[in-house]
Amino acid sequence: MTTGLALDLQALSARHPAARSGAAPALKATTLHIGAGEVLAVIGPSGAGKTTLLQALACALPPSAGQLLVDGRNPWALPRRELQALRGRLFLAPQVPPLPPRQRVVTSVLAGRLPAMGLLASVRSLFYPADIPAAHAALARFDLADKLFERVDRLSGGERQRVGLARALLSPARLWLVDEPLSALDPARARQAIETLVNEARARGVTLVATLHQVDMALAHFPRILALHEGTVAFDLPAAAVSRERLQALYAKHEHELRGEVPASAAAALDATLPAPAVVAHCR
């Protein structure tokens, strides 16, 4: 079994690369510990700092203040070669996966293995996919086995998103950072995708941090919920201890996001996943 990476944020602040000069950091003085092999969902309204947090954890965005430790080491203090090696043990899945449009799906999925391959093998894999059965099996977990030899530009947005997630299953990474993986998926596909990611991460011992707008999915599948609001931690709790009152306060100005912008009553959407009031009171 793989040993996941442990993460420590020590009063860490970070700015988005596109932020104007002098702008406030998107992530502000955040202190947080994520244990090796832990499975964590990050929720919060748009602009709360969720994507910035993932980019900081991926060692793609240097802190503007404070410090990030990955397995006890400060990645930004490492020599360039060691930093690159560390990044090879991280897998970042952005909301819109950067898949070359004319590439075959099999090649895109097998690209998840590139960090563990030498230069010659990497170049060869672009023309001669090295392990077609492995790519087929990863795609099958997301109900995409029949798309193995399709071109990426012939896929729907949801199919591209699932191809991006299938890469994780072939990656040698010890940390999976997944940004809004369900945004283009219908409810059934969303449930299948999140169950696959969580179950695979647990089976392998990989650390998984996923940002989600779908609060009901976060509560149903993740044992720990981190909520961000305006760049700071609003709460960090076991899923069973997250009450309606906390969620309503978190999304006070963004009620539509309680269900990932699905136009329905937030309270009705959460009825099936939130604990009964008596249980919530007990957990506080």
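All figures in this text were calculated on a predicted structure; none of them were measured in a lab.

Caption draft 1: Quick look at the environment of Pro133. Turning to its location among the elements, Pro133 is positioned in helix H5 (residues 132-140). Separated by 27 residues in sequence, Pro133 and Val106 have C-alpha atoms that sit 9.6 Å apart.

Caption draft 2: Up close: the packing of aromatic side chains. On inspection of all chains with the given rule, the structure shows zero aromatic pairs. The ring of Phe235 has Arg246 sitting right over it, with the charged end atom 5.9 Å from the ring centre.

Caption draft 3: Broad picture of the side chain of Thr30. Tracing the backbone shows Thr30 in strand E2 (residues 27-34). Overall, Thr30 belongs to the buried group, its relative accessible area being 4%. Among all residues touching Thr30, those that are not within four sequence positions of it are Leu9, Gln10, Ala11, Leu12, Gly231 and Val233.

Caption draft 4: Seen up close, the pattern of salt bridges. Taken as a whole and judged by the stated rule, the model has eleven salt bridges. With its nearest N and O atoms 3.1 Å apart, the salt bridge here joins Asp131 to Arg113. Of this pair, Asp131 sits in the loop between helix H4 (119-127) and H5 while Arg113 sits in the loop between helix H3 (105-110) and H4; the two residues are 18 residues apart in sequence, bridging distant segments of the chain. Take Arg113: its relative accessible area is 27%, and that puts it in the partly exposed class.

Caption draft 5: Examining the nonpolar core more closely. Counting residues in hydrophobic clusters, the biggest one holds 55 residues, and the most contacted among them are Ile43, Val109, Trp176, Leu208, Phe222, Ile225 and Phe235. Residues within four places of Val109 in sequence aside, it is in contact with Ala135, Ala138, Leu139, Val163, Ala166, Arg167 and Leu170. Grouped together as the second largest cluster of nonpolar side chains are 29 residues, Leu9, Leu32, Leu53 and Leu68 included.

Caption draft 6: Summary view of the packing of helix H6 (residues 157-170) against helix H7 (residues 187-204). The interhelical angle for the contact between H6 and H7, taken along N-to-C directions, is 15°, at an axis separation of 11 Å. The angle between the axes of H6 and H7 places the two elements in the roughly parallel class. For the element pair H6 and H7, the recorded crossing hand is left-handed. Contacts between H6 and H7 pair Arg162, Leu165, Ala168 and Leu169 from the former with Arg189, Ala193, Thr196, Leu197, Glu200 and Arg204 from the latter.

Caption draft 7: Looking closely at the environment of Val39. You can see Val39 is positioned in strand E3 (residues 39-43). By relative accessible area, which is 4% here, Val39 ends up buried. Along the sequence, Val39 and Ile225 sit 186 residues apart, while their C-alpha atoms lie 9.3 Å from each other. The contact partners of Val39, leaving out residues within four places of it in the chain, are Val198, Arg202, Leu208, Phe222, Pro223 and Arg224.

What counts and how
- Residues numbered from 1 in each chain as written.
- Predicted model: local features only at pLDDT ≥ 70, side-chain atom pairs only at ≥ 80, totals over all residues.
- Heavy atoms only, no water.
- Helix = DSSP H or I, 4+ residues; strand = E, 2+ residues; numbered from the N terminus.
- Phe/Tyr/Trp six-rings, centres within 6.5 Å; stacked < 30°, edge-to-face > 60°.
- Lys NZ or Arg CZ within 6 Å of the ring centre and 35° of its normal.
- Buried < 20%, exposed > 50% of the residue type's maximum accessible area, 1.4 Å probe, protein only.
- Contact = heavy atoms within 4.5 Å.
- Salt bridge = Lys/Arg side-chain N within 4 Å of Asp/Glu carboxyl O.
- Core = buried A, V, L, I, M, F, W, Y, C linked by side-chain atoms within 4.5 Å.
- Axes fitted to C-alpha atoms, helices over the stretch in contact; angles between N-to-C directions.
- Parallel < 35°, antiparallel > 145°, perpendicular 65-115°, else oblique.
- Left-handed = near helix turned anticlockwise from the far one by under 90°.

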